Amino acid sequence: MEQINTEELLSTINEFTQSMGLVEWGVIGGGIALILILSASLSASKRRKKRNARQAAPLLSLDAFQISPLGRDAYFKVLNNGQPARLSNLSIKGRNDIAVKNAVAGHELRPGESYRILLEATGNQKLNNNFTIELSYVDLIGNVYQQAFALNQQVAKQPKLVRFA
């Protein structure tokens, strides 16, 4: 395979651009202008979608987390202070021996309502607050959010917008 010399390449490009006429330059300029207009339009549309998503976003907060006296069961209570939300998934980070006793997916959380999620230790280790619960939920528009609840700090982290509707 022959290696292309940089000087030859620049010479070829220079000859090609000098041979171009007004029409060719107009087509190239129009194409660049069209690309810039489309990209600006798409970014404005994305900003508008994010703004609408923030306005329709549910505001979930940690209402309570309590472990039973024997340490085998606990409940996690989440409160919705914003727009309606439909819970879609729950995952537990930091422990793999905890079972969720009630259904989470599909539960509707109206503004001002709370939902209690019952947890049970399935292994030999008792429950404590050394894990994080991550909830996924959907707003009215169809945007999907993920929010982590750090139980050792008794705080809900900021929700992440995972997917636009």
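Reference entry: report on the structure contained in this document. (Residues numbered from 1 in each chain as written. Predicted model: local features only at pLDDT ≥ 70, side-chain atom pairs only at ≥ 80, totals over all residues. Heavy atoms only, no water.)

Some words on the overall build of the protein chain
On a plain count of helices and strands, the protein chain comes out with two helices and 10 strands. When the helices and strands of the protein chain are read in sequence order from the N terminus, they spell out α-α-β-β-β-β-β-β-β-β-β-β. With respect to the three principal axes, the spread of C-alpha positions in the protein chain is 85 × 40 × 25 Å. Of the roughly 10900 Å² of accessible surface on the protein chain, a fraction of 54% belongs to carbon and sulfur atoms. Separation of charge centres in the protein chain, based on 19 positive and 13 negative side chains, amounts to 16 Å. (Helix = DSSP H or I, 4+ residues; strand = E, 2+ residues; numbered from the N terminus. Areas by Shrake-Rupley, 256 points an atom, 1.4 Å probe, with all protein chains shown as cover. Lys, Arg positive; Asp, Glu negative; His and termini not counted. Charge placed at Lys NZ, Arg CZ, Asp CG, Glu CD.)

Brief notes about the environment of Ile 37
When you line up the elements, Ile 37 lands in helix α2 (residues 22–55). Exposure remark for Ile 37: the relative accessible area of 57% places this residue in the exposed category. As a C-alpha pair, Ile 37 and Ala 105 span 68 residues in sequence and 42 Å in three-dimensional space. (Buried < 20%, exposed > 50% of the residue type's maximum accessible area, 1.4 Å probe, protein only.)

Observations regarding the pairing of strand β8 (residues 144–150)
The side chains of a regular strand alternate, first on one face of the sheet and then on the other. With six of seven residues buried, β8 is to be regarded as a mostly interior element. In terms of strand pairing, strand β7 (residues 132–138) meets β8 through seven bridges, oriented antiparallel. Opposite Ile 133, over in β8, you have Phe 149 as the bridge partner. Hairpin connection, β7 to β8: the antiparallel pair is bridged by five residues, and Gly 142 has positive phi, about 115°. Sheet analysis places β8 next to strand β10 (residues 160–163), joined by three bridges and oriented antiparallel. Residue pairing in the sheet places Gln 146 in a bridge with Lys 160 of β10. Pairing geometry for β8 and strand β9 (residues 155–156), over two bridges, is antiparallel. Along β9, the bridge assignment pairs Ala 150 with Val 155. Counting the residues between successive antiparallel strands, the hairpin from β8 to β9 contains four residues, one of them, Gln 154, with a positive phi of roughly 55°. (Pairing = 2+ DSSP bridges.)

A word on the sheet that holds strand β1 (residues 60–67)
What the four strands build is an open sheet, ordered β1-β2-β6-β4; its pairing is antiparallel. Across the chains shown, the open sheet's two edge strands, defined by having one partner strand only, are β1 and β4 (98–100). Between one strand axis and the next, the sheet turns through 25° on average, direction left out of account. Examined bridge by bridge, β4 and strand β6 (residues 114–121) share three bridges and lie antiparallel to one another. Following the sheet pairing, Val 100 is matched in β6 by Leu 119. (Axes fitted to C-alpha atoms, helices over the stretch in contact; angles between N-to-C directions.)

A word on the side chain of Asp 97
Of note, Asp 97 is situated in the loop between β3 (85–93) and β4. A polar atom in the side chain of Asp 97 sits 2.8 Å from the side chain of Arg 95. Filtering out sequence-adjacent residues up to four positions away, Asp 97 remains in contact with Glu 120, Ala 121, Thr 122, Gly 123 and Gln 125. (Polar contact = N/O pair within 3.5 Å; in protein donor to acceptor, adjacent residues only side chain to side chain. Contact = heavy atoms within 4.5 Å.)

Some remarks on the nonpolar core
Counting 26 residues, the largest nonpolar core has Phe 76, Leu 119, Phe 131 and Leu 135 as its most contacted members. Residue assignment for this core shows that the elements contributing at least two residues are β1, β2 (73–80), β3, β6, β7 and β8. If we skip the residues at most four places from it in the chain, Leu 135 touches Leu 60, Phe 76, Val 78, Leu 87, Asn 89, Leu 90, Val 104, Ile 117, Tyr 145, Gln 146, Gln 147 and Phe 149. (Core = buried A, V, L, I, M, F, W, Y, C linked by side-chain atoms within 4.5 Å.)

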